[in-house]
Structures are given as structure tokens and as C-alpha cells.
Amino acid sequence: MTAQTDTQAKAPTPTKKLYVKTYGCQMNVYDSERMTETLAGQGYEAVDTPDTADLVLLNTCHIREKAAEKVYSDLGRLRKLEKQRGTPMQVGVAGCVAQAEGEEIVRRMPQVDLVVGPQAYHRLPEMLDALDEGKGAQVITDFPVEDKFADLPKTRKSSGPTAFLSVQEGCDKFCAFCVVPYTRGAEYSRPAPDLLAEARRLVDSGAREITLLGQNVNAYHGKGEDGDWSLARLVRAMAEIEDLARIRYTTSHPNDMSDDLIAAHGEIDRLMPFLHLPVQSGSDKILKAMNRKHDADSYRRLIERIRAARPDIAMSGDFIVGFPGESDEDFEETLRLIRDIQYAQAFSFKYSPRPGTPAAGAEQVAEDVKVERLARVQEALLESQATFQQACVGQTMPVLLDRPGKFDGQMMGRSPYLQNVHLTVNADRRGEIVPVTITEAHRSSLAGTLAA
Ligand code: 5AD
Ligand code: SF4
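Quick summary incoming for the structure in this document. (Residues numbered from 1 in each chain as written. Chains lettered and ligands numbered in written order. Predicted model: local features only at pLDDT ≥ 70, side-chain atom pairs only at ≥ 80, totals over all residues. Heavy atoms only, no water.)

**A look at the sheet that holds strand 14 (residues 274-276)**
Within the open sheet, the three strands sit side by side as 14-15-16. Their pairing is parallel. With partners counted over all chains shown, the strands left at the sheet margins are strand 14 and strand 16 (345-350), one partner each. Across the sheet, the mean angle separating the axes of adjacent strands is 10° when strand polarity is ignored. Contacts from helix 13 (residues 367-391) reach strand 15 (314-321) and strand 16, with the element oriented near 180° to strand 16. (Pairing = 2+ DSSP bridges. Helix = DSSP H or I, 4+ residues; strand = E, 2+ residues; numbered from the N terminus. Axes fitted to C-alpha atoms, helices over the stretch in contact; angles between N-to-C directions. Contact = heavy atoms within 4.5 Å.)

**Quick look at the packing of helix 9 (residues 259-267) against helix 11 (residues 296-309)**
Two elements in contact, helix 9 and helix 11, have axes whose closest approach is 7 Å; the angle formed by their N-to-C orientations is 35°. Across the interface between the two elements, Asp259, Ile262 and Gly266 from helix 9 touch Leu302, Arg305, Ile306 and Ala309 from helix 11. Looking at the contact of helix 9 with helix 11 residue by residue, the class counts come to four nonpolar, one polar and two charged. (Nonpolar A, V, L, I, M, F, W, Y, C, P; charged D, E, K, R; others polar.)

**Observations regarding the site of ligand 2**
In the neighbourhood of ligand 2, the contacting residues comprise Cys171, Lys173, Phe174, Cys175, Phe177, Cys178, Val180, Pro181, His253 and Arg292. In the shell around ligand 2, the residues fall into seven nonpolar, one polar and two charged. (Near = heavy atom within 4 Å.)

**Description of the environment of Tyr72**
Mapped onto the elements, Tyr72 comes out in helix 2 (residues 65-85). Sequence-wise, Tyr72 and Thr36 are 36 residues apart; in three dimensions their C-alpha atoms are separated by 22 Å.

**Thoughts on the site of ligand 1**
The local shell around ligand 1 consists of Ile63, Arg64, Phe177, Gln280, Asp318, Ile320, Phe349, Lys350, Tyr351, Ser352 and Arg354. The separation between an oxygen atom of ligand 1 and a polar side-chain atom of Arg64 is 2.9 Å. Asp318 places a polar side-chain atom, nitrogen or oxygen, 2.6 Å from an oxygen atom of ligand 1. Computed on the free molecule, ligand 1 has an accessible area of 400 Å², of which 87% lies beneath the protein chains in the complex. Counting residues per element, the ones that place at least two in the shell around ligand 1 are strand 15 and strand 16. Partitioning the shell around ligand 1 into residue classes produces five nonpolar, two polar and four charged. (Polar contact = N/O pair within 3.5 Å; in protein donor to acceptor, adjacent residues only side chain to side chain. Areas by Shrake-Rupley, 256 points an atom, 1.4 Å probe, with all protein chains shown as cover.)

Interpretation in functional terms is not warranted from these geometric data alone.
What follows is the structure, encoded as C-alpha cells:
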């Protein structure tokens, strides 16, 4: 069905085209899907490019300066595109840049029609109505008390075998470098029954793997029928959903890894053996300055306990280099921690001062020092990643086939450890979990053959 063949204007028959561009984290990927569903109820059909779109939404990220600046260059490009094609394009900025900069965006880029913070997506339809009525640029960046998801359509379908489910949002940790507590607000957990119902809908429409999302997901404490539920309890309940083969959760804070959650890793087969547990630095002095509220050795001991519960668990992390005050010795401590833990996968970043956060005003580490430290951290991480990838060769592991591969007869899938695996299957077996013997390890993927 295309918009050109539609003659009726009544929703939900699509009459307008929507292009959503998503920057940053998986939470934004989830939010973009939900905005797309909400706007489908207003007659918008999603398209893959801005070329013919009536409405373009940029779902933005403010975590580092580079991510935020990219939005402004994309807005410049959209303005050019609108001029070239000669038909009007409404432009909206959503996400964390919208929350952090609000009205400022419209001042800097008057072509922007709406600015909507991450807690106000349920208000998009009324904002578009106001635009249609000629009321001028719409800006909403309030933090409402109600659940922003409660009003969104309950028709959520999975678009494939893997799906995201946002269970918790916001953060009360206030790490000194991080904008999340300001852009996403205080920690909020969605009620457990709503999440179980949404998970069932996803599974009914084809999801075999669900990743529970939250900025601080293991601090989850949503209402259940009998008081507050922890993440461990939620995971145990999700594991009872027939046909939901795999559960993951991200991102966690070390201080919220409860005994029950650690035990769940040992007891629940459906909980995948992969854990993203950022530590940021290996220096106690820097961890203290970052307001992380844990030290490097307590993190090491925590990982020992997690590995005791689930020996094959693959660890992932985040690292920041060049945080204010980081000396050569502090940095060496980070390298030591990386070697001790042996990560299967990890992200690393140069510290980027974010306006309004406590560390932004402190004396900065020189850029060339940051660049050099980042290269060294990445080298150390790559080495441990390569070791992990190589150790997979010869193993037979269950792979969830989730998309076609590049070549004829090839499919891509996911290992339990979140690696991409490609193999030849000669049929569309999307959604199946098949045993695969790994034959080759690459930097960010594996190759294998069907074992049965
Ligand atoms: N500068 C650099 N990296 C940052 N992160 C968060 N804030 C900053 C910042 N100001 C990184 C952290 C976090 C990940 C999502 O982004 O490592 O875990
Ligand atoms: Fe940001 Fe994570 Fe720290 Fe929260 S716990 S302030 S989201 S880095």
C-alpha cells in the first residue's frame, strides 16, 4: 500500500510520510518505534529516507558533544533538502538534545517545528494538531508524573525475532560526567503487569528474544500485584512466557547487581550469558571523582561472583579516558582492570564535558593525552575481544537466526554472547534457534556451519 493510492484522509489509512532518524542508545531505538506507532494512528506511514517525508523526526542523543552537534548538521542538510524538493517538510527534534536544549533549538534553527523531550512523546499528536492550526513552533520538555507509555497504543508488534522492551527510564545515580539524570529525569520503573503484557504481545508477533532496556535497568523496581518487583523477579516472570527463548537486559550499574539477580544468571537458562556492566575507570581516585560509589576491587569481586554463578558469562563494559584529574598512573589502573576482567566486548570514549554536569567546569585533560589514552585502551580491549572471539572457534552454540546475510543462502544470527554469526542455511529460517559450529572468528562477527 502506498500513500499515492490512498484517497481517503481518515486515519489510520496512511496519508502522510514520516521519517525517523535515531541517534545514540537502544532506548532511543525503542522510543522511535513507539513514536512511529503513535503517529501511525495519526495517518503517518514510516519511510526509509527523508526525501519525500512530510514529517522528519530526529530522535537525538546528548551523551557526548559529537552526538549533539551531529543533530545541527543534519538539520542544516534537511533545510537544503526541503528547498531542493520544493515541498514543505515539518521537522521535529526529539530525544535528549530536545530535553537539554529546548527552545534554544528553535532559536538556532528556526526551521524546526517541534521540540519534544523523551517524557512527552504521548503528546506528539496534540503538538501536530497545534502546528496544523498554525500555532507556531511547539516545544514540550516537561517531566509529567504519568507514565509516558501508558497512553501509547497497545498494539505493539515485533518487527522480527529480536525486540527491545523499555522497562525503566531515567537515573538517580548522578555520575559526575553524565547528562542522563538531567535529560531522562529521575528513575522511573514501568508496572510489571504492563511489561509482561507487552512482552506477550511481542512474542505473539514473532519475538524470540527480548532485551529489557533501562538507563539503569537493574535498579528496576516496578509495581507488581504484590508490591514492588525487582529486575530479578521480572526476569523470572518473563522466563515463564512460552516461546520467549531468550532474555537480556541492559544497561546496569555495578551497585544494583543484587544477589537475586546474580543467582538468576545461574538458574535461568533463558537469561543469556552476556552482561554489559560499565565500570568507566580502574582508578579508585577517578571512580570517586566520577561519583560512581564503588571502587575497582569491589567491581572485580562482583564479577567473580557473577562468574561463579554463570561461569561462561561474557562481560561487556564502558570506559571513559581523560576524565578531569586522570593521571598516567590512574590510566594505568584502567589498563590493569581491563586485563584482569578480560572483556568479550566493550565501548570506550574520550571524556566529553557536558554542560550542566558537575565535571564540566573542572580543568580538562589535554586533547592529545585523551587521544593517546583512547588508542591504548582500545588496543587493550581489542586484544581481550580477539581472545574471546578466537576461543569460540570449534564450539557449537545455539544461534538465533534473525536476518538474511549478504550472500545468497546466507543468514545472520546471534550467539548467546551477542555476537553476530553468519552461516549458510539455504532457506529463510528466521526466528529459529539452530546449533552452529563456529569455524572462523573475525573482529566483530563469527562464521559457522549448521551442526544439525
Ligand atoms: N563523556 C564521555 N563518555 C560518556 N559517557 C557518558 N557520559 C559521557 C561523557 N560526558 C559514556 C559512559 C556511559 C556510556 C553510555 O557513555 O561510558 O556508560
Ligand atoms: Fe549516567 Fe549510567 Fe551514571 Fe546514571 S549510572 S548517571 S545513566 S553513567
